[in-house]
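Summary of structural features
Now for the letters of each chain:
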Amino acid sequence: MTSLTISNLSKSFKARKRVTVIEDLDLHVMDGEMLVLLGPSGCGKTTALRCISGLEVPDRGAIRFDDTTVFDSDSRVNTPPERRSIGMVFQSYALWPHMTVRKNIEYPLRRRGLRSKIAEGWVEEAARLVDCSALLDRYPAQLSGGQQQRVALARGLVARPDVVLFDEPLSNLDTRLRDSVRSQLHELHRSLGFTGVFVTHDQGEAFALGSRMAIMRSGAIDQIGTPQEVYEHPRTEYVADFIGLTNALDVWRDGDIERMFGVRLSGRALLVEGAAKARVRLRPTDIELSPPGTAAADVCSFPAVVVDMTYGGNRLDVMVDIDGHRLHAQIDAGGAGSWQRDLRTGTAVTGRFDPAAARLYGPDGANIPVPLAEGVPA
Ligand SMILES: Nc1ncnc2c1ncn2[C@@H]1O[C@H](COP(=O)(O)OP(=O)(O)O)[C@@H](O)[C@H]1O
Ligand SMILES: [Mg+2]
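Here the structure is a predicted model, which means the values were calculated and not measured. (Residues numbered from 1 in each chain as written. Chains lettered and ligands numbered in written order. Predicted model: local features only at pLDDT ≥ 70, side-chain atom pairs only at ≥ 80, totals over all residues. Heavy atoms only, no water.)

Structural notes on the overall build of the chain
Helix and strand counts for the chain come out as 9 helices and 22 strands. Seen along its three principal axes, the alpha-carbon backbone of the chain occupies a region of about 80 × 55 × 40 Å. Relative to its full complement of 378 residues, the chain shows a buried share of 49%. Intrachain contacts of the chain at a sequence separation of at least 6 include 65% that bridge at least 24 residues. (Helix = DSSP H or I, 4+ residues; strand = E, 2+ residues; numbered from the N terminus. Buried < 20%, exposed > 50% of the residue type's maximum accessible area, 1.4 Å probe, protein only. Contact = heavy atoms within 4.5 Å.)

As C-alpha cells, then:
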C-alpha cells in the first residue's frame, strides 16, 4: 500500500510557442484512497497522469510513492515507467489487437519482470475479478466495448500495482454499461484497496467513485475535498459551475430591496450584511416553480416567464426568462391535472428557492459565506 505525493509539479509543451499545462501542482493521494481528478477537457488531467506514470518528463517538481522518489528535478531522479509500480487504464482501451485477452492481461507482468507470477495464476485471478475468465482465449475484436474495457481493467490491476491510474476509462461506454462498469470498479477498489487516481470530466463519476475529489482548472487545483464537502461548499464559482450549480444569477441591493437581474426578489433576503451584490449559483433542482403571485415569506421568490420546456418522464426541464436572462429549473413533472402540466411558452410563473441552497460568489469568483440573515426586504 502506497501514498502518492506530488510537489510543485510543472509541465509545459513546446508547440508553436511554449504552453504551460501543469503549473505548481501539489497533490497528496492517501494510501488506499481513490482520488478523482475532475476537470474540463484540456485542463491537463492526462498530462498529470502521464507525469505520474513516467511517460512524460515534468519540467520541475517531485513525485514520491511513499518515501521513494520516482521523480525529482532538483536531484535529477527519473525512474522509468516500468520500474514504477503503476497500473494504467485508458479511455481508448488500448488492447493489443494481435494478442489474445490472456496475452494482453499478461503484458504488464512480462514488462515488469514478473513472469513467475503468470505461473502463479495472477492472470486468471485478474480476469476473474472483472468477470472475464471465459474470454481469455479471444481476441479484442471478438469482444464488446464493455468486455474490452473490463479486460483493460484486468490488465491495469494484474501486476498488483501500488498505484492505479485511470484516464476517463468509462467515457467510451454507453450509459448502461458505464453504470455497471462503474459499480464494478467501485467494488474492486473497496475489496482490493489500491491507491487510485481517476481522471474524468463527469461529475457523476467523480461523486460515485471518489474518496476525495480534486477539481482542476488549467493545470492547478481549485478545490480538493470529499464529495460531500465539495458538493455542499464549492469554494469558487468555477467549482460550483462544474458540479452542477449551473444557474448564475446577479443579485444586488437596491435601497431596501434586493433585485435579481432587473426583477424584485421578495421573501427572504439573500445578500449578507454588507454585501451590495453577488453572483448567485443555484442547481436547477433547487428551483421551484409555482403559479404567479405565490411568493412566500420563508423563501426567495421572483417573477419569471416560461420560455421552453422538455419532458423527461418524472421531471420537467423548464427554461424561464427573468428580465432577459435564462434560468433552468428542473421540477417534478406532476400527475394528471397538476398545475405544471399546463405550462406553456409564455406562461407567467413565480420562481422560488430556499436561500440555504444558494451559493454566493464575489467578483473574484471566491465564495461569500452563506447568509444567516432572517430579514425580509420591505
Ligand atoms: N505532447 C503535447 N504537445 C503539445 N501540447 C500538448 C501535448 N499534450 C498535451 N498538450 C496540451 O496540453 C493541454 C492539456 O492536455 P491534456 O493533459 O490532454 O488535458 P485533459 O486530459 O485534461 O483533456 C491541452 O491544451 C493539450 O493540447
Ligand atoms: Mg485527457
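A few points about the UniProt feature "domain: ABC transporter" (unreviewed entry) in the chain
As recorded in UniProt, the sites labelled "domain: ABC transporter" (unreviewed entry) are residues 4–243. Helix makes up 34% of residues 4–243 and strand 28%, whereas the separation of the span's terminal C-alpha atoms amounts to 25 Å. (UniProt positions renumbered as here; feature names shortened; annotations may be inferred.)

Points about the sheet that holds strand β3 (residues 34–38)
If you walk across this open sheet you meet the 6 strands as β7-β8-β9-β3-β10-β11, and the pairing is mixed. Only two strands of the sheet have a single neighbouring strand rather than two, namely β7 (86–89) and β11 (220–225). Each strand of the sheet is rotated relative to its neighbour by a mean of 20 degrees, with strand direction disregarded. Here β3 runs beside strand β9 (residues 195–200); their pairing, made up of 5 bridges, is parallel. Paired with Leu35 across the strands is Val197, a residue of β9. Packed onto the sheet, helix α1 (residues 45–53) meets β3, β7, β8 (163–167), β9 and β10 (212–217) and runs at close to 155 degrees relative to β8. (Pairing = 2+ DSSP bridges. Axes fitted to C-alpha atoms, helices over the stretch in contact; angles between N-to-C directions.)

A look at the site of ligand 1
Residues in close proximity to ligand 1 include Phe13, Val21, Pro40, Ser41, Gly42, Cys43, Gly44, Lys45, Thr46 and Thr47, which together make up its full environment. Between Gly44 and ligand 1, the recorded distance is 3.1 Å, taken from a backbone N or O atom to an oxygen atom. Interatomic distance of 2.8 Å between a side-chain N/O atom of Thr46 and an oxygen atom of ligand 1. Coverage of ligand 1 by the protein amounts to 57% of the 560 Å² it exposes when considered alone. Partitioned by chemical class, the residues of the shell around ligand 1 number 4 nonpolar, 5 polar and 1 charged. (Near = heavy atom within 4 Å. Polar contact = N/O pair within 3.5 Å; in protein donor to acceptor, adjacent residues only side chain to side chain. Areas by Shrake-Rupley, 256 points an atom, 1.4 Å probe, with all protein chains shown as cover. Nonpolar A, V, L, I, M, F, W, Y, C, P; charged D, E, K, R; others polar.)

Quick word on the domain arrangement of the chain
One can read the domain layout of the chain as domain 1 (4–237) and domain 2 (241–368). For domain 1 versus domain 2, the distance between C-alpha centres works out to 39 Å. Taken together, the contact between domain 1 and domain 2 spans 14 residues of the former and 14 residues of the latter. For the domain 1 and domain 2 pair, buried surface summed over both sides reaches about 1100 Å², with 55% attributable to carbon and sulfur atoms. Summed over the shared surface of domain 1 and domain 2, the number is 2 salt bridges. One salt bridge connects Glu237 with Arg281, and the closest N-O pair in it is separated by 2.9 Å. (Domains from an automatic or database assignment. Buried area = accessible area lost by both parts, 1.4 Å probe. Salt bridge = Lys/Arg side-chain N within 4 Å of Asp/Glu carboxyl O.)

Examining the packing of aromatic side chains
Pairs of aromatic rings are described using the distance from one ring centre to the other and the angle between the two planes. Per the counting criterion, the structure on display carries 6 aromatic pairs. A ring pair is formed by Phe207 and Tyr231, whose centres lie 5.6 Å apart and whose planes are at 80 degrees; its orientation type is edge-to-face. Here Phe207, found in helix α7 (residues 203–209), pairs with Tyr231, found in helix α8 (residues 227–232); they are 24 residues apart in sequence, far enough to count as distant. For Phe207, a relative accessible area of 23% gives the class partly exposed. These aromatic residues form a ring-pair network of at least three members: Phe166, Phe194 and Phe198. (Phe/Tyr/Trp six-rings, centres within 6.5 Å; stacked < 30°, edge-to-face > 60°.)

Points about the packing of helix α2 (residues 101–111) against helix α4 (residues 122–129)
In contact at an axis separation of 10 Å, α2 and α4 are set at 115 degrees when each is read in the N-to-C sense. Along this stretch, α2 crosses α4, giving a crossing that reads as right-handed. Contact residues: Arg102, Ile105, Glu106 and Leu109 in α2; Trp122, Val123, Glu124, Ala126 and Ala127 in α4. For the contact of α2 with α4, the per-class residue count stands at 6 nonpolar, no polar and 3 charged. (Left-handed = near helix turned anticlockwise from the far one by under 90°.)

A few points about the packing of α2 against helix α5 (residues 145–157)
For the pair α2 and α5, interaxial distance at closest approach is 7 Å and the crossing angle is 30 degrees. Relative to α5, the element α2 lies roughly parallel. Relative to α5, the crossing made by α2 is right-handed. Each of Val101, Asn104, Ile105 and Pro108 in α2 lies in contact with α5, whose residues at this interface are Val151, Ala154 and Arg155. For the contact of α2 with α5, a count of residues per class yields 5 nonpolar, 1 polar and 1 charged. (Parallel < 35°, antiparallel > 145°, perpendicular 65-115°, else oblique.)

Description of the environment of Arg352
Considering the arrangement of structural elements, one finds Arg352 in strand β20 (residues 348–353). Between the alpha carbons of Arg352 and Pro303 there is a distance of 8.9 Å; along the sequence they are 49 residues apart. Sequence-distant contacts of Arg352, defined by excluding residues within four places in its chain, comprise Asp286, Ile287, Glu288, Ser290, Thr294, Ala296, Val299, Cys300, Ser301 and Phe302. A polar side-chain atom of Arg352 sits 2.7 Å from the main-chain carbonyl oxygen of Thr294.

Quick look at α2
All of the buried residues along α2 are Val101, Asn104, Ile105, Glu106, Pro108 and Leu109. Elements in contact with the buried residues of α2: α3 (116–119), α4 and α5. Two residues or fewer past α2, Gly113 is found with a positive phi of approximately 70 degrees.

What to know about the side chain of Glu258
Turning to its location among the elements, Glu258 is positioned in strand β13 (residues 257–260). No salt bridge is formed by the buried Glu258, whose closest oppositely charged neighbour, Arg253, lies at an N-O distance of 4.3 Å. Within the structure, Glu258 has its side chain in polar contact with the backbone nitrogen of Leu271 (distance 2.9 Å). (Lys, Arg positive; Asp, Glu negative; His and termini not counted.)

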